[in-house]
Amino acid sequence: MEPVVVGKDQTIDQLLEFYMGKNTPDRQTFILENLVVEDDTDIDKKQILDEVETG
């Protein structure tokens, strides 16, 4: 886990809306770019992203 830092130009409400709110394209992109696979299998992160994006 990493700490969440609230910048000067952002409110706690905005931060919570991003993490807990609707599944917007920006939120989806953030989640996919920060996806961590904690398994010893040979699953490639790019392969996972490709599968999620193609549905």
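What you are looking at is a predicted structure, and each value in this text was computed from that prediction instead of being measured. (Residues numbered from 1 in each chain as written. Predicted model: local features only at pLDDT ≥ 70, side-chain atom pairs only at ≥ 80, totals over all residues. Heavy atoms only, no water.)

Our next topic: the layout of surface pockets. There is about 330 Å³ of room inside the largest pocket. Forming the boundary of the largest pocket are Met-1, Glu-2, Pro-3, Val-4, Tyr-19, Phe-30, Ile-31, Asn-34 and Leu-35. Residue classes in the lining of the largest pocket are distributed as seven nonpolar, one polar and one charged. (1 Å grid on protein atoms, 1.4 Å probe; cavity = no way out; pocket = protein on both sides within 12 Å on 5 of 7 lines; lining within 4 Å. Points joined across faces, edges and corners; volume = space filled by probe spheres on them. Nonpolar A, V, L, I, M, F, W, Y, C, P; charged D, E, K, R; others polar.)

Model confidence for the protein is summarised by a mean pLDDT of 79, while 89% of its residues fall at 70 or above. Mean pLDDT across the elements of the protein bottoms out in helix 3 (residues 45–54) (75) and peaks in helix 2 (residues 25–33) (87). (pLDDT = per-residue confidence, 0-100. Helix = DSSP H or I, 4+ residues; strand = E, 2+ residues; numbered from the N terminus.)

It is at 9 Å that the axes of helix 1 (residues 12–20) and helix 2 come closest, and there the two elements cross at 70 degrees. Relative to helix 2, the element helix 1 is oriented roughly perpendicular. Contacts between helix 1 and helix 2 pair Phe-18, Tyr-19 and Met-20 from the former with Asp-26, Arg-27 and Phe-30 from the latter. Of the residues belonging to the contact of helix 1 with helix 2, the class tally is four nonpolar, no polar and two charged. (Axes fitted to C-alpha atoms, helices over the stretch in contact; angles between N-to-C directions. Parallel < 35°, antiparallel > 145°, perpendicular 65-115°, else oblique. Contact = heavy atoms within 4.5 Å.)

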